[in-house]
Amino acid sequence: MKTILLNLLIIAFFTACTNTEITRDDCKKEGKIFKSSKVLNFRTGDYEIKKECVER
């Protein structure tokens, strides 16, 4: 029982770590507009590119 639970937790952890980056093609499929903006990450103090799909 313990090994089954441990295996399920490991699988769930690695499933959550998949790449979820948004692309222009994903937005086109949904009928939305691709938008990228430069935002400040307060924890690191560096700027990052935020990518999102927005309604028309």
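Before reading further, recall that the structure is shown in the block above.
Small disclaimer: the values here were computed from a predicted structure and weren't measured.

**Re the packing of aromatic side chains**
Thought 1: Enumeration over the complete set of coordinates arrives at zero aromatic pairs.
Thought 2: A cation sits over an aromatic face here: Lys38 above Tyr47, 5.3 Å from the ring centre.

**What to know about the pattern of salt bridges**
Thought 1: What the rule picks out here adds up to three salt bridges.
Thought 2: One salt bridge connects Glu21 with Lys51, and the closest N-O pair in it is separated by 2.9 Å. A residue pair is termed long-range when its members are at least 10 positions apart, and Glu21 in the loop between helix H1 (2-16) and helix H2 (24-30) and Lys51 in strand E2 (residues 47-54) qualify at 30 residues.
Thought 3: Assessed through its relative accessible area of 47%, Glu21 is described here as partly exposed.
Thought 4: Between Glu55 and Lys32 there is a salt bridge; the shortest N-O distance is 3.5 Å. Of the two residues, Glu55 sits in the segment after E2 while Lys32 sits in the loop between H2 and strand E1 (33-40), which places them 23 residues apart along the sequence.

**A look at the pairing of E2**
Thought 1: The pairing of E1 with E2 spans eight bridges and is classified as antiparallel. Residue pairing in the sheet places Ser37 in a bridge with Lys50 of E2.
Thought 2: In sequence, E1 turns back onto E2 through a hairpin of six residues, with Gly45 there showing a positive phi of about 85°.

**Remarks on a nonpolar patch on the surface**
Thought 1: A surface patch of nonpolar side chains, amounting to about 430 Å² of accessible area, comprises Leu6, Ile10, Phe13 and Phe14.
Thought 2: According to the relative accessible area criterion, Phe13 is exposed, its value standing at 52%.

Criteria and cut-off values
- Residues numbered from 1 in each chain as written.
- Predicted model: local features only at pLDDT ≥ 70, side-chain atom pairs only at ≥ 80, totals over all residues.
- Heavy atoms only, no water.
- Phe/Tyr/Trp six-rings, centres within 6.5 Å; stacked < 30°, edge-to-face > 60°.
- Lys NZ or Arg CZ within 6 Å of the ring centre and 35° of its normal.
- Salt bridge = Lys/Arg side-chain N within 4 Å of Asp/Glu carboxyl O.
- Helix = DSSP H or I, 4+ residues; strand = E, 2+ residues; numbered from the N terminus.
- Buried < 20%, exposed > 50% of the residue type's maximum accessible area, 1.4 Å probe, protein only.
- Pairing = 2+ DSSP bridges.
- Patch = residues over 30% accessible without salt bridge, like charges linked within 9 Å, V, L, I, M, F, W, Y side chains within 5 Å.
- Areas by Shrake-Rupley, 256 points an atom, 1.4 Å probe, with all protein chains shown as cover.

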